[in-house]
Amino acid sequence: MSTLKPVIITFVILLFCACNNKTTKKETLTEKAPITTSKEVSLSPSETILKATIAAHGGPLFDSANYAFSFRGVNYQFKNNGLDYKYTKSYQKEGKQITDVLKNGTFFRTINDSAVTLSKKDINSATGAINSVIYFATLPYKLNDKAVNTKFIETTTIKNKSYDVIEVTFDEAGGGEDHDDVFNYWINKNTKKIDYLAYSYKVNKGGVRFRSAFNTRIIDGITFQDYINYEAKVGTSLKDLPKLYEAGELKELSTIKTENIINLNNN
């Protein structure tokens, strides 16, 4: 009996300590909870609009999306896994099969399944090319990146529909080769989707573009859109483009079509 009593006392002490530890953990979790709530409340007007827009276009489905599509005869694939991503571009040139892969910021190319070495200039160019196509095909998902800065511009009307306008700029670090481009997005106040977008760029003597969405469709929960691409004079304010568009004063340049879309997660 005398041997058993110290064992029981030790057990009770350990149990008491364990209970204290559990209480401490619960208190810690309770203290952290309001911080998350505070961050959500402190969203800026542009961030609030963008959050609703991303949700309307597919929201969390983008985080694990794995789709293939074609654009101007070239095959593309984007595969997301949380913060990890892999973009693939596959095409034929001069009888050779070329595959470009951009995985978490690292680019590499194979020709007929053999790895090739590219100059830094060629890598930057190829990276920009694949990034650009995926960027527009998956709008507005990439607007959630850390290098993106947003600002609410105004509420306006285009063809009797009401829109929130947000401006998007990019940090030099993480913003890509064209980080100094400026975008405007016209987000339908009713559907929360992007009906129009415009951007100005400085490379190749600069330019101004305006795009009008059409052929909007939802494929397994994610919205894809095609666009009619218009040109405006260099120096034209992005804010003025909707009026020029409604007046028929923009020059139509091309049609941006994302075709043959396949959800590879279903295969």
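Structure first, text after, so check above.
Residues numbered from 1 in each chain as written. Predicted model: local features only at pLDDT ≥ 70, side-chain atom pairs only at ≥ 80, totals over all residues. Heavy atoms only, no water.

(A) Main features of the overall build of the protein chain. If you tally the helices and strands in the protein chain, you get four helices and 14 strands. Here the protein chain holds 267 residues, and the buried ones make up 37% of them. The contacts of the protein chain with a sequence gap of at least 6 include a subset with a gap of at least 24, amounting to 46%. Split by element, the accessible area of the protein chain, about 16,300 Å² in all, is 53% carbon and sulfur. (Helix = DSSP H or I, 4+ residues; strand = E, 2+ residues; numbered from the N terminus. Buried < 20%, exposed > 50% of the residue type's maximum accessible area, 1.4 Å probe, protein only. Contact = heavy atoms within 4.5 Å. Areas by Shrake-Rupley, 256 points an atom, 1.4 Å probe, with all protein chains shown as cover.)

(B) Spotlight on the pattern of salt bridges. Across all of its chains, the model carries seven salt bridges by this definition. Of the charged contacts, one joins D226 and R217 as a salt bridge, the two residues approaching to 3.3 Å between their closest N and O atoms. (Salt bridge = Lys/Arg side-chain N within 4 Å of Asp/Glu carboxyl O.)

(C) Geometry of the sheet that holds strand β6 (residues 114-116). Spatially, seven strands are ordered β6-β5-β4-β3-β2-β1-β14 in an open sheet, and the strand pairing comes out antiparallel. In this open sheet, the two edge strands, each paired with only one partner strand, are β6 and β14 (259-263). Neighbouring strand axes in the sheet, compared pairwise and without regard to direction, differ in orientation by 20° on average. Relative to strand β5 (residues 106-111), strand β4 (residues 96-103) runs antiparallel, the two being bridged by six bridges. Bridge pairing in β5 places L102 opposite F107. Contacts from helix α3 (residues 120-137) reach β1 (66-71), β2 (74-81), β3 (84-93), β4 and β5, with the element oriented near 110° to β3. (Pairing = 2+ DSSP bridges. Axes fitted to C-alpha atoms, helices over the stretch in contact; angles between N-to-C directions.)

(D) Examining the packing of aromatic side chains more closely. As enumerated under the stated definition, the model contains 21 aromatic pairs in all. Consider the rings of Y67 and F78, whose centres lie 5.6 Å apart with planes at 15°: the pair is stacked. You can see Y67 sitting in strand β1 and its partner F78 sitting in strand β2, a full 11 residues away along the chain. Each of the two residues, Y67 as well as F78, counts as buried. Judged by centre distance (5.6 Å) and plane angle (65°), the rings of W186 and F210 are edge-to-face. Placement of the pair is W186 in strand β9 (residues 182-188) and F210 in strand β11 (residues 207-219), with a sequence separation of 24 residues. Assessed through its relative accessible area of 1%, F210 is described here as buried. Through successive ring pairs, a cluster of aromatic residues spans Y135, F136, F170, F183, Y185, Y199 and Y201. Positioned above the aromatic ring of Y85, the side-chain terminus of K142 is 5.1 Å from the ring centre. (Phe/Tyr/Trp six-rings, centres within 6.5 Å; stacked < 30°, edge-to-face > 60°. Lys NZ or Arg CZ within 6 Å of the ring centre and 35° of its normal.)

(E) The pairing of β1, seen in detail. A large share of β1 lies buried, amounting to six of its six residues. Side-chain alternation along β1 places N66, A68 and S70 on one buried face and Y67, F69 and F71 on a second face that is also buried. Both β1 and β2 contribute to a ladder of six bridges, which runs antiparallel. Across the sheet, F69 pairs through a bridge with Y76, a residue of β2. The antiparallel pairing of β1 with β2 creates a hairpin that spans two residues between the two strands, and R72 there sits at a positive phi of about 55°.

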